[in-house]
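Observations on the model geometry
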Amino acid sequence: MAVITATNLRKVFRVARKPEGGWARLAATFRPRYVEQEAVRGLSLTVEKGESLAFIGPNGAGKSTTIKMLTGILHPTSGEARVLGYVPWLQRQELAFRIGSVFGQKSQLWLHLPPVDTFNLLARIYELDWSDYLRRRAELVELFELGDLMYTPVRKLSLGQRMRCEIAASLLHRPEILFLDEPTIGLDPVAKGAIRELIRRANREEGVTVFLTSHDAGDIEQVCRRVIIVSQGQVVLDDTVNALRRDYLTTKEIDLKLGVPFAGGIDLPGVSVIKARGYGVKLSVDTGITPIDRVISHILRQYPVQDITIQNPPMEAIIAAIYRGKAVNQ
Amino acid sequence: MSRLSLLGSPSSRMASRPAPRRTSLGRQAVKYLEVARITLRSRWAYLGEQLLARVYLVIIMFVFVQLWRTTYAAEGSVRLSGFTLPEMIWYLVATEAIILSLPRVHAALQQEVQGGDLAIRLNKPYSYLLFHYAAFVGEGLVLLATALGMGGLTAYLLVGGFDFRWEALPVLALIYLVTQALHFTYHAAIGLLAFWTEDVMGIFFFLDRVKWILGGMLLPLDLFPPALRQLAEVLPFREMIYGPALLFVRFSWPAAADLLLRQGLWLLALALVCVALYRLGVRRVDINGG
């Protein structure tokens with residue numbers, strides 16, 4: 001059963017153009033000139049109940065604008081959408097009872113009060129039965145390991161702790177769809193891992209449909225089964241995460257800080273040196289040719305290593321690879 | 001692009017919208033009371049800072065007392081336009097308490113509209129304006145308590161008490177709430193202009209000062225020149241500052257009923273303006289990007 005459908009969704013923003021020079025600026029105050037920016041260009045998609053969908057793309061791709069149209073915050077310029085049967089921008093309040101949302105850069109928690117106060121407020125806002133709410137809160141406190149955090153003022157929580165509370169708060173009313181906009185932004189790797197695990201459990205164990213936007217490839221690999229990649233307001237890929245991993249996430253980047261200056265000698269198939277200076281070296285590894293564990297063991301045999309970081313290629317590189325693939329196929 | 005949807009015609013899909021949810025008035029009221037309560041608690045957490053910020057009110061009241069003592073002495077009269085010196089000072093305590101108990105809702109609205117926090121507010125099942133009104137009431141009550149407490153104590157120490165009608169306290173409390181609602185609609189309407197303009201602070205500064213002057217914040221309207229008083233009579237500011245402050249020092253039941261009626265009419269008009277601005281504005285909200 002489809003829980004989200006969008007057809008030819010389009011959003012154009014009118015942005016005032018500020019001319020240079022004092023007189024021109026004064027004139028623009030009375031006769032402002034606008035330029036149109038097409039953030040979303042005829043986007044269509046369907047999301048089935050229980051799916052975990054990564055909706056990803058580089059900055060300015062139209063991800064957040066789409067999520068805001070699907071949650072009813074923005075009116076589209078044209079096109080149609082239904083979320084759980086509601087037209088989001090016309091029935092926003094009714095839809096709000098059945099969806100949850102987390103915006104990584106915005107907080108719904110009251111800064112000067114402990115999270116438990118916001119939870120109590122949300123119980124009233126979502127008109128929950130009080131005893132049912134208390135049971136649900138206890139479940140989430142256990143699942144998200146919130147314990148003492150619930151009684152600590154939000155301003156004293158770390159970003160990772162706050163984000164755990166944000167996601168728990170958004171699940172309080174048992175939403176059928178959870179929209180997450182960059183939920184791991186700014187988090188350290190440990191906190192990112194914890195947040196991804198919690199989102200995955202909400203999807204697998206509670207059947208919550210997850211609609212996640214991010215430009216972190218790790219969010220996609222570890223949370224979602226399906227991926228839609230958007231670029232310049234249009235869908236450029238709609239496929240399974242396994243297919244994305246197979247076709248486009250075959251490359252990893254390894255950042256090394258060595259104990260001695262780098263002097264070459266890492267001659268493995270599919271491994272190339274991107275950058276090397278003094279003790280630092282950055283490698284690109286095609287894991288389809290040589291597995292990452294073999295590369296690391298090889299390096300450790302060659303050099304003393306002080307620090308090592310393994311990263312996915314940036315989203316921009318993945319999208320460039322997708323375009324390259326399309327060009328080759330055409 | 002393997003999963004692009006093949007949807008039916010727009011009209012066929014429009015027919016299957018879920019039925020509207022019905023919520024009892026009681027649950028709605030509890031929702032907004034909880035917003036007011038949490039805002040009050042949030043503000044209460046910084047009571048010490050609040051009281052410190054009120055120290056300047058002691059200075060202001062001291063200056064007022066000196067000015068009015070000199071004026072009364074120069075006039076050689078116990079009453080000026082019907083006000084004794086203590087009544088005049090307590091009138092000013094009331095006007096200051098009203099003004100200083102108003103949270104900066106215009107700034108909050110501007111911040112939300114332009115900073116993107118509107119996204120957090122709009123995806124919750126409540127009325128955006130009622131949410132802000134409830135928060136305004138909660139925060140305003142803490143501000144009122146500190147302003148009235150500090151201003152009243154200063155006035156009492158400097159000029160003594162006045163003949164306060166304690167039996168009118170519930171009506172005065174009701175009038176304060178309506179007064180606060182009037183100010184909310186005025187400030188919120190200015191804040192909502194952020195949907196159209198980049199900075200509402202300049203507009204607010206001007207309109208707020210107009211309200212102060214024509215509302216009788218620094219001087220009872222009885223002392224205004226006739227032309228200015230006539231102008232003040234036809235504007236809502238009289239009901240926002242002068243009317244409630246006058247009742248505070250010189251209460252009468254007919255005057256209270258008259259004030260409530262006039263306040264109710266202005267509240268209706270300003271609330272309609274607010275709702276219209278919100279409905280027009282929210283359609284054109286441009287929260288671009290993440």
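Below or above, wherever it landed, is the structure these notes cover. (Residues numbered from 1 in each chain as written. Chains lettered and ligands numbered in written order. Predicted model: local features only at pLDDT ≥ 70, side-chain atom pairs only at ≥ 80, totals over all residues.)

Assigned secondary structure in chain A consists of 11 helices and 13 strands. Structurally, chain A occupies a C-alpha span of about 65 × 55 × 50 Å along its principal axes. In chain A, buried positions account for 41% of the 330 residues. Considering only contacts within chain A whose residues lie at least 6 apart along the sequence, 70% involve residues at least 24 apart. (Helix = DSSP H or I, 4+ residues; strand = E, 2+ residues; numbered from the N terminus. Buried ≥ 20, exposed ≤ 12 C-beta atoms within 10 Å, placed from the backbone. Contact = placed C-beta atoms within 7 Å.)

This part covers the interface of chain A and chain B. Each side of the interface is counted separately: chain A has 46 residues, and chain B has 40 residues. Elements supplying a minimum of two residues to the side of chain A that touches chain B: β1 (2-17), β2 (33-48), α2 (63-70), β4 (78-83), α3 (92-96), β5 (99-103), α4 (115-125) and β9 (234-240) of chain A. Of the residues assigned to the side of chain A that touches chain B, the class counts are 16 nonpolar, 17 polar and 13 charged. (Nonpolar A, V, L, I, M, F, W, Y, C, P; charged D, E, K, R; others polar.)

This brings us to the packing of helix α9 (residues 169-192) of chain B against helix α13 (residues 253-283) of chain B. Residue and element names in this part refer to chain B. Running from amino to carboxyl end, α9 crosses α13 at an angle of 25°, the nearest separation of the two axes being 9 Å. Judged by the angle between their axes, α9 and α13 are roughly parallel. Relative to α13, the crossing made by α9 is left-handed. By residue class, the composition of the contact of α9 with α13 is 20 nonpolar, 4 polar and no charged. (Axes fitted to C-alpha atoms, helices over the stretch in contact; angles between N-to-C directions. Parallel < 35°, antiparallel > 145°, perpendicular 65-115°, else oblique. Left-handed = near helix turned anticlockwise from the far one by under 90°.)

It is worth spelling out unusual backbone geometry at this point. Residues and elements named next belong to chain A. Its identity is not glycine, yet L84 carries a phi of approximately 55°, on the positive side. Of note, L84 is situated in the loop between β4 and α3. Even without glycine at this site, Q232 takes up a positive phi of about 50°.

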